[in-house]
Amino acid sequence: MTKQTLLQMAYNAAEDKKAEDIVVLNMEGISLLADYFIICTGNSDRQVQAIAREVIEQSNEAGNEVKSVEGFDAARWILVDLGDVVVHVFHKDERSYYNLERLWREAPTMEI
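Nothing here was measured: the structure is a model prediction, and the numbers come from that model. (Residues numbered from 1 in each chain as written. Predicted model: local features only at pLDDT ≥ 70, side-chain atom pairs only at ≥ 80, totals over all residues. Heavy atoms only, no water.)

**Student:** What is the right way to read the sheet that holds strand β5 (residues 85–91) from this model?
**Tutor:** Pairing between sheet strands relies on hydrogen bonds along the backbone, with the strands arranged either parallel or antiparallel. The sheet built from 6 strands is open, its strands ordered β3-β4-β5-β2-β1-β6 with mixed pairing. Only two strands of the sheet have a single partner each, and these edge strands are β3 (68–70) and β6 (109–110). Both β3 and strand β4 (residues 77–81) contribute to a ladder of 3 bridges, which runs antiparallel. Looking at β4, one finds that Glu-70 is bridged to Leu-79. Lying on the sheet, helix α1 (residues 3–16) is in contact with β1 (20–26), β2 (36–42), β5 and β6; it crosses β2 at an angle near 5 degrees. Set on the sheet, helix α2 (residues 45–61) makes contact with β2, β3, β4 and β5; between it and β5 the angle comes to about 165 degrees. (Pairing = 2+ DSSP bridges. Helix = DSSP H or I, 4+ residues; strand = E, 2+ residues; numbered from the N terminus. Contact = heavy atoms within 4.5 Å. Axes fitted to C-alpha atoms, helices over the stretch in contact; angles between N-to-C directions.)

**Student:** Is there a simple way to explain the nonpolar core in this structure?
**Tutor:** Nonpolar side chains in soluble globular proteins tend to end up buried together. Among the nonpolar cores identified, the biggest contains 26 residues, and Ala-10, Ile-38, Val-80, Leu-82, Val-85, Val-87 and Val-89 are the most heavily contacted of them. Elements that contribute at least two residues to this core include exactly α1, β1, β2, α2, β4 and β5. Examining the composition of this core, we find that 7 residues originate from one element, α1, more than from any other. Excluding anything up to four places from it in sequence, Ala-10 contacts Ile-38, Val-55, Leu-82, Val-85 and Val-87. Within the second largest apolar cluster, 11 residues are counted, among which are Ile-39, Val-86, Phe-90 and Leu-100. (Core = buried A, V, L, I, M, F, W, Y, C linked by side-chain atoms within 4.5 Å. Buried < 20%, exposed > 50% of the residue type's maximum accessible area, 1.4 Å probe, protein only.)

**Student:** Explain the packing of α1 against α2 here, please?
**Tutor:** Helix-helix packing is characterised by the crossing angle of the two axes and by the distance between the axes. Running from N to C, α1 and α2 point in directions that differ by 140 degrees, and their axes come no closer than 8 Å. Relative to α2, the element α1 lies oblique. Considering the relative orientation of α1 and α2, their crossing is right-handed. The residues of α2 that touch α1, namely those facing Met-9, Ala-10, Ala-13, Ala-14 and Asp-16, are Ile-51, Glu-54, Val-55, Gln-58 and Ser-59. Class assignment of the residues belonging to the contact of α1 with α2 gives a composition of 6 nonpolar, 2 polar and 2 charged. (Parallel < 35°, antiparallel > 145°, perpendicular 65-115°, else oblique. Left-handed = near helix turned anticlockwise from the far one by under 90°. Nonpolar A, V, L, I, M, F, W, Y, C, P; charged D, E, K, R; others polar.)

**Student:** Teacher, can you tell me more about α1 here?
**Tutor:** For an α-helix the count is 3.6 residues per turn, leaving residues at separations of three or four pointing the same way. With 14 residues, α1 should reach 20 Å at 1.5 Å per residue; the first-to-last C-alpha distance of 20 Å fits that figure. What α1 keeps buried is the set Leu-6, Leu-7, Met-9, Ala-10, Tyr-11, Ala-13 and Ala-14. Those residues of α1 that are buried are in contact with β1, β2, α2, β5 and β6. Just past α1, the residue Lys-18 takes up positive phi, approximately 65 degrees. (Expected span 1.5 Å × (residues − 1).)

**Student:** Please clarify how the pairing of β4 should be interpreted in this entry.
**Tutor:** Consecutive side chains along a regular strand alternate between the two faces of the sheet. From the end of β3 to the start of β4, which pair antiparallel, there are 6 residues, and Gly-71 there has a positive phi angle of about 80 degrees. Hairpin remark: β4 followed by β5, antiparallel, with 3 residues in the connecting loop; positive phi at Gly-83, about 100 degrees.

**Student:** In this structure, what is going on with the environment of Lys-18? I would like to understand it.
**Tutor:** Tracing the backbone through its elements, the reader meets Lys-18 in the loop between α1 and β1. A relative accessible area of 61% places Lys-18 in the exposed class. When the C-alpha positions of Lys-18 and Ile-51 are compared, they lie 7.8 Å apart, and in sequence the two are 33 residues distant.

Don't take any of this as a statement about function, it's just geometry.
Given below as structure tokens:
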């Protein structure tokens, strides 16, 4: 699976579960963690988990190994590491606090 295909799949999975304020950061040349970050918001613990679960299921169905998942039970900030793409699913109350867009402000945003 290409990076672009993986990125599109993860974006679509988040969108399918009605994630809000989806932002894609191009991290190539900026971070060694991943080439792309997807940052999105859910309005409740259940929605945050549903978004993350959909990303995981879509990735598995596409034959892409999920490297790790952090924070699923707490459902405040779930990180899904897909390798070249890392998906950050925030509860609406947590996103502005951590403000990853500001932290990684040198990373250009992308339209999907």
